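Structural overview
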Amino acid sequence: MTDYRSVPLTELRDQLGQVINDVAESGRPIIVTRAGKEIAAVVPAALLQSGLLPPAYFDDALRTQTIAELDEKINAHTPEEIAQAREWLRRVKAADRASAAGAA
């Protein structure tokens, strides 16, 4: 999430009003950090209202059901197919990191 502004939790306590205003005006999330680790996000209400987040994000039962369905689909593949998919994903992530580093 390095393309978003971040604010340490210790600063958020003193700047909450300004952070909320910044998110509302810019329409972009602000990431909250603690000891340098991303722990939460302040997101615009419009993001939640837009339906961009999947329903399972808000519903524990639906999330559990969705995960079970995904597990079932994954288990339908051979270990070799899963290993190939993991390797492909590893390469995609590495290329993405390299691309982001080149853009910085």
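One can find the structure itself at the top, above this paragraph.
Along each chain, numbering runs from 1 in the same order as the chain's sequence is written. In keeping with the predicted nature of the model, local features appear solely for residues at pLDDT of at least 70, side-chain atom pairs appear and are counted solely at 80 or more, and the whole-chain, interface and lining totals rest on all residues. Computation of side-chain values: all heavy atoms of the structure, hydrogens and water removed.

**Side note on the nonpolar core**
Residue types Ala, Val, Leu, Ile, Met, Phe, Trp, Tyr and Cys, when buried and joined through side-chain atoms within 4.5 Å, form a set referred to as a nonpolar core. Per-residue accessibility, obtained with a 1.4 Å probe over protein chains only, is compared with the maximum for each type, and a residue is labelled buried under 20%, exposed over 50%, and partly exposed between these values. By size, the foremost hydrophobic cluster in this structure holds 7 residues: Val7, Leu12, Val19, Val23, Ile30, Val32 and Val42. Each helix is a run of H or I in the DSSP string that is no shorter than four residues. Each strand is a run of E no shorter than two, and both are numbered from the N terminus. Of all elements in the fold, only α1 (9-26) and β2 (30-34) reach the threshold of two or more residues within this core. In terms of residue count, α1 provides more of this core than any other element does, 3 residues in total. Those residues in contact with Leu12, other than ones at most four positions away along the chain, are Val7, Val19 and Val32. Throughout, a residue-residue contact means that at least one pair of heavy atoms, one from each residue, lies within 4.5 Å.

**Concerning the sheet that holds strand β1 (residues 5-8)**
Sheets are built from strands that pair by backbone hydrogen bonding, the pairs being arranged parallel or antiparallel. Two strands qualify as a pair provided that DSSP identifies no fewer than 2 bridges between them. Judged by pairing direction, the sheet is mixed, and its 3 strands sit side by side in the order β1-β2-β3 without closing on themselves. Bordering the open sheet on either side are β1 and β3 (37-42), each of which pairs with just one other strand. Sheet twist, expressed as the mean angle between neighbouring strand axes with direction ignored, is 35 degrees. Pairing analysis gives 4 bridges linking β1 to β2, with the strands arranged parallel. Counted as the bridge partner of Ser6 is Ile31 from β2. Between N-to-C directions, angles span 0 to 180 degrees; the directions come from axes that are lines fitted to C-alpha atoms, helices contributing only their stretch in contact.

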